[in-house]
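Descriptive analysis of the structure
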Amino acid sequence: MKTIMLVCAAGMSTSLLVTKMKKAAEGKGVDADIFAIPASEMSSVLENKNVDAVLLGPQVMYMKKQLEAELSIKNIPIEAINVQDYGMMNGEKVLEQAFSLIK
Amino acid sequence: MNTETDNNEMDQDIIAFKIISNVGMAKSLTMEALYAAKEGNYELAQEKLSESKQHFKLGHKIHSKLIQMEASGEKVHPSIILMHAEDQMMSAETISELVKEMIEMYKKINK
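Notes on the structure in this doc start here. Just so it is clear, the structure is predicted and the values come from calculations on it, not from any experiment.

The subject of this paragraph is the interface of chain A and chain B. Each partner contributes to the interface: chain A provides 16 residues, whereas chain B provides 16 residues. Each partner contributes to the roughly 1,500 Å² buried at the junction of chain A and chain B, and carbon and sulfur atoms together form 75% of this total. Broken down residue by residue, the surface that chain A buries against chain B is led by A:Met12, A:Gln59 and A:Tyr62, which jointly contribute 38%. Applying the counting criterion to the chain A and chain B interface returns zero salt bridges. Put simply, the parts of the chain that give the side of chain A that touches chain B at least two residues each are helix H1 (13-28) and helix H4 (83-87) of chain A.

What follows is the structure, encoded as structure tokens:
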């Protein structure tokens, strides 16, 4: 089972996206643990959970470089969520994006 | 269950998300502009600031739809996500104003 972590400012806007991604995963018969957290909690969550991919909401996209440093040690890929897919809350597309990162 | 109200609420949620995605981009691009200026790359900083402005304008445009709706008597559903959108929009604007000045400061510091 793959674990996908979404990061945004308050964990709020990404939660609807998480719901839609979970639905898309169900529809595809794919088993995935998908959740959203605020940027401030990332380090502590990573200590306790094995994550396969991290996706950033547009509001925290600028933190990618700093976060990459922490994540590359654990070999966890990180990418900014495609802004169009995010705005439309397109769960299916963002799920695809997450899986394309997990190779 | 009033489906028209539900549809309306859902549309307004999408409006909130479109605002959040645009002003979120605006904020990130402003921060990237600041980081570029820190490295002395003022041209890139300007590009990022211009790009940021485009996203901010778009977010504002979408936001004004809600203002017009309310002004014309149509109900705008108060929701946490909408409050979040408002908050993100105003903080993106504040950050943008400060970053513009900070870039000028970096120009002086980097000399």
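Looking along a regular strand, one sees side chains alternate from face to face of the sheet. Residue and element names in this part refer to chain A. Of all seven residues in strand E1 (residues 2-8), six are buried; the element is thus mostly enclosed. Relative to strand E2 (residues 32-38), E1 runs parallel, the two being bridged by seven bridges. Within the sheet, the bridge partner assigned to Leu6 lies in E2 and is Ala36. In this sheet, strand E3 (residues 53-56) lies alongside E1 in parallel orientation, the contact comprising four bridges. Each bridged residue has a counterpart across the sheet, and for Val7 the counterpart in E3 is Leu56.

Looking now at H1(A). All names here are of chain A. Helix length check: H1 (16 residues) gives 24 Å between terminal C-alpha atoms against 22 Å at 1.5 Å per residue, within 8%. All of the buried residues along H1 are Ser13, Thr14, Leu17, Val18, Met21, Ala24 and Ala25. End-on, the buried residues of H1 take up no more than an arc of 125°, which puts them together on one face. What points out from H1, more than 90 degrees from its buried face, is the exposed set Lys23, Glu26 and Gly27. Looking one or two residues past H1, Gly29 carries a phi angle of roughly 70°, positive in sign.

Time to look at the packing of H1(A) against helix H5 (residues 91-101) of chain A. Residue and element names in this part refer to chain A. Two elements in contact, H1 and H5, have axes whose closest approach is 8 Å; the angle formed by their N-to-C orientations is 80°. Classified by the angle their axes make, H1 and H5 are roughly perpendicular. Packed against H1, whose contacting residues are Leu17, Lys20, Met21, Ala24, Ala25 and Lys28, the element H5 presents Gly91, Glu92, Val94, Leu95 and Glu96 at the interface. Residues belonging to the contact of H1 with H5 are distributed by class as follows: six nonpolar, one polar and four charged.

Geometry of an aromatic ring pair is reported as the spacing of the ring centres plus the angle between the planes. According to the stated counting rule, one finds one aromatic pair over all chains in the structure shown. Centroid distance A:Tyr62 to B:Tyr35: 6.4 Å. Interplanar angle 50°. Geometry classified as tilted. Taken as a pair, A:Tyr62 in the loop between E3 and helix H3 (64-73) and B:Tyr35 in helix H1 (residues 3-38) lie in two separate chains rather than in one. Given the relative accessible area of 31%, B:Tyr35 is considered partly exposed.

On the surface, a nonpolar cluster with roughly 410 Å² of combined accessible area is contributed by B:Leu98, B:Met102, B:Met105 and B:Ile109. Examined against the element boundaries, B:Ile109 turns out to sit in helix H3 (residues 80-109).

Our focus in this paragraph is the sheet that holds strand E4 (residues 78-80) of chain A. Residue and element names in this part refer to chain A. Taken in spatial order, the four strands line up as E2-E1-E3-E4 in an open sheet, and their pairing is parallel. One side of each edge strand has no neighbouring strand; the edge strands of this open sheet are E2 and E4. When strand polarity is set aside, the average angle formed by the axes of neighbouring strands in this sheet is 20°. Bridging between E3 and E4 involves three bridges; their strand directions are parallel. When the bridges of E4 are listed, Leu55 appears paired with Glu79. Against the sheet, H3 touches E3 and E4, its axis set at about 165° to E4.

Cut-off values and rules
Residues numbered from 1 in each chain as written. Chains lettered and ligands numbered in written order. Predicted model: local features only at pLDDT ≥ 70, side-chain atom pairs only at ≥ 80, totals over all residues. Heavy atoms only, no water. Contact = heavy atoms within 4.5 Å. Buried area = accessible area lost by both parts, 1.4 Å probe. Salt bridge = Lys/Arg side-chain N within 4 Å of Asp/Glu carboxyl O. Helix = DSSP H or I, 4+ residues; strand = E, 2+ residues; numbered from the N terminus. Buried < 20%, exposed > 50% of the residue type's maximum accessible area, 1.4 Å probe, protein only. Pairing = 2+ DSSP bridges. Expected span 1.5 Å × (residues − 1). Arc of directions from axis to C-beta. Axes fitted to C-alpha atoms, helices over the stretch in contact; angles between N-to-C directions. Parallel < 35°, antiparallel > 145°, perpendicular 65-115°, else oblique. Nonpolar A, V, L, I, M, F, W, Y, C, P; charged D, E, K, R; others polar. Phe/Tyr/Trp six-rings, centres within 6.5 Å; stacked < 30°, edge-to-face > 60°. Patch = residues over 30% accessible without salt bridge, like charges linked within 9 Å, V, L, I, M, F, W, Y side chains within 5 Å. Areas by Shrake-Rupley, 256 points an atom, 1.4 Å probe, with all protein chains shown as cover.

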